[in-house]
Amino acid sequence: MKEATSILHHIPVDLQTGAIAVPIYQTSTFVQEAPGVNKGFDYTRSNNPTRKVLEDLIAKLENGAKGYAFASGLAAIDAIVKLLEYGDEILAVDDIYGGAFRQFEQVFKKFGINVNYVDATSIEKVVNAVTPRTKLFWIESPTNPTLKIADIAEIAKVAKANNCLLCVDNTFASPIGQKPIELGADLVVHSGTKYIAGHCDVIAGLIVTSTPELGEKIKFYQNATGGVLSPFDSWLTIRGIETLQLRYKQHSHNAQQVAEFLTTLEGVKNVYYPGLASHPHHDIARKQQKYFGGVISFDLTIDSAELAKEIVCSTKYFKLAESLGGVKSLLCHPATMTHKTIPADKRYQAGVTDSLIRLSVGLEDAEDLIEDLQTAISKALAKAKQEKISA
Ligand SMILES: *Cc1c(COP(=O)(O)O)cnc(C)c1O
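Residues numbered from 1 in each chain as written. Predicted model: local features only at pLDDT ≥ 70, side-chain atom pairs only at ≥ 80, totals over all residues. Heavy atoms only, no water.

In the nomenclature of an unreviewed UniProt entry, the chain is known as PLP-dependent transferase of Pontibacter fetidus. Under the UniProt heading Cofactor (unreviewed entry), the note attached to the chain is "pyridoxal 5'-phosphate". Taken directly from UniProt, the Sequence similarities (unreviewed entry) text for the chain runs: "Belongs to the trans-sulfuration enzymes family." (UniProt positions renumbered as here; feature names shortened; annotations may be inferred.)

Colleague: Can you break down the packing of helix 10 (residues 244–263) against helix 14 (residues 366–387) residue by residue, with the values?
Modeller: In a pair of packed helices, the angle between the axes and the distance between the axes together describe the arrangement. Following both chains from N to C, one finds helix 10 and helix 14 inclined at 30°, their axes separated by 9 Å at the closest point. By the angle between their directions, the pair helix 10 and helix 14 is classed as roughly parallel. You can see that helix 10 and helix 14 cross each other, and the crossing is right-handed. Each of Asn254, Gln257, Val258, Phe261 and Leu262 in helix 10 lies in contact with helix 14, whose residues at this interface are Ala366, Leu369, Ile370, Leu373, Gln374 and Ile377. (Axes fitted to C-alpha atoms, helices over the stretch in contact; angles between N-to-C directions. Helix = DSSP H or I, 4+ residues; strand = E, 2+ residues; numbered from the N terminus. Parallel < 35°, antiparallel > 145°, perpendicular 65-115°, else oblique. Left-handed = near helix turned anticlockwise from the far one by under 90°. Contact = heavy atoms within 4.5 Å.)

Colleague: Before we move on, could you go through unusual backbone geometry and cite the residues and values that matter?
Modeller: For residues besides glycine, phi is generally negative; the peptide bonds are generally trans as well. For the bond running from serine 141 to proline 142, omega is 0°, close enough to zero to count as cis. In this fold, proline 142 is placed in the loop between strand 4 (134–140) and helix 6 (152–161). If you check the backbone angles, asparagine 63 has positive phi at about 60° while not being a glycine. Here asparagine 63 lies in the loop between helix 2 (49–61) and strand 1 (66–70). Taking the relative accessible area as the measure of exposure, asparagine 63 reaches 45% and is therefore partly exposed. (Buried < 20%, exposed > 50% of the residue type's maximum accessible area, 1.4 Å probe, protein only.)

Colleague: Could you give an account of the pairing of strand 9 (residues 295–300), naming the residues involved and the relevant values?
Modeller: Where burial is concerned, most of strand 9 is hidden: six out of the six residues are buried. Because side chains alternate across strand 9, one face comprises the buried residues Val295, Ser297 and Asp299, and the other comprises Ile296, Phe298 and Leu300, equally buried. Bridge count for strand 8 (residues 268–272) against strand 9 is three bridges, and the pairing is antiparallel. The residue of strand 9 that forms the bridge with tyrosine 272 is serine 297. Bridge count for strand 9 against strand 12 (residues 357–360) is four bridges, and the pairing is antiparallel. When the sheet's bridge partners are listed, isoleucine 296 is paired in strand 12 with leucine 359. (Pairing = 2+ DSSP bridges.)

Colleague: Quick rundown of the sheet that holds strand 1? Include the residues and the values.
Modeller: Read from one edge to the other, the open sheet built from seven strands follows the order 1-7-6-5-4-2-3, with strand pairing classed as mixed. In this open sheet, the two strands that pair with only one neighbour each are strand 1 and strand 3 (114–118). Looking at each pair of strands side by side, their axes are set apart by 20° on average, direction ignored. Sheet analysis places strand 4 next to strand 5 (residues 165–169), joined by five bridges and oriented parallel. Pairing of isoleucine 139 across the sheet is with valine 168, part of strand 5. Sitting on the sheet, helix 3 (residues 73–81) touches strand 1, strand 2 (89–93), strand 4, strand 5, strand 6 (187–191) and strand 7 (205–209), and the angle it makes with strand 6 is about 155°.

Colleague: Which residues make up the sheet that holds strand 11 (residues 330–332), and what are the values?
Modeller: Pairing within the open sheet is mixed, and its five strands lie in the order 8-9-12-11-10. Looking at the sheet topology across the chains shown, the edges are occupied by strand 8 and strand 10 (319–320). Direction of pairing for strand 11 relative to strand 12: antiparallel, over a ladder of three bridges. Paired with leucine 330 across the bridge in strand 12 is serine 360.

Colleague: Tell me about helix 12 (residues 305–312), and please be specific about residues and values.
Modeller: Of the residues making up helix 12, those classed as buried are Leu307, Ala308, Ile311 and Val312. All buried residues of helix 12 lie within an arc of 135° about the axis, which places them on one face of the element. On its buried side, helix 12 packs onto strand 9, strand 10, strand 11, strand 12 and helix 14. Where helix 12 begins, one side-chain oxygen reaches toward the backbone nitrogen of glutamate 306, 3.2 Å away; that side chain belongs to serine 304. (Arc of directions from axis to C-beta. Polar contact = N/O pair within 3.5 Å; in protein donor to acceptor, adjacent residues only side chain to side chain.)

In structure tokens:
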């Protein structure tokens, strides 16, 4: 069975009523026949039929053993770190998602879990950064916002050789673009908020484990600390997954056209998109990804925050907002939004210049999106020329 078919037919028809849409079991508890005798459900924090459909579905999509749904991507990340013990270390990709960085540094550090950061595009650097205390590798690929690519299969080998777990935050690629468990990862985590739910109407997190044993451990923390996804939000996320393949393909198709256009536009300096042959790790991206996704970043030959702000405030279809992966196009200015707390020198090292703009290319017609960017950029450049804005 092909993936498009298996996604839709892995969502069961309701046995009780024949409902083709998954029923929302909006209940906290379940009536028992006798103490401890029930139909597989006793309390919604522990298990809920609507959430279970989503959990089975995401496990299937990632080709893993077990799936779990959380109240947010960060709640899911929190459950994974809780697999560790006091004194253990995480080896994480250096341009990690900001919210994960804050959780590692400001929550888990005080409980004795330390994190080392490494440029995961270099296997040699990854090998050298492992210490005897390293227990968990934490990879994102592509990364935010400069779309760096790590070779997941190679990193999985290093993790195995050092008896470490490998977790891949697969939010940007989605299970349609890339399946880290097939590449050797032990855990996959998603912000379901982004491509998976896909409509900017829900906050959700998902975990998939490669083995049932690891799944049982995650389930323990899911129930013990309680950051579960509600039945209604589970339902919205299932509904999102029904069109995920279609959407992700089209996001990628549109983004490829927008990225190629940007490389030809006057005033644009670097275009970061793994689908461009000019991307430094395009070959690795091609090896491990089926599609390259909808996120593109670019900066300007005049490296001015003012100029970038002028652009992000004047597009018509690209709306100014944080987040990504929804049906409508969004854009943001990382230097003054998502990355504003990072000191300028560190920010520049990561490629996040003052003029960098991140796009989440939506499902509008690519021609309209291109025209929108062309107009906004050329207007801003003309204005800058008039006002003599320079770097
Ligand atoms: C958004 C995001 C998260 C956090 O997810 P929330 O649902 O916002 O908690 C984690 N990782 C990546 C890569 C993200 O983009």
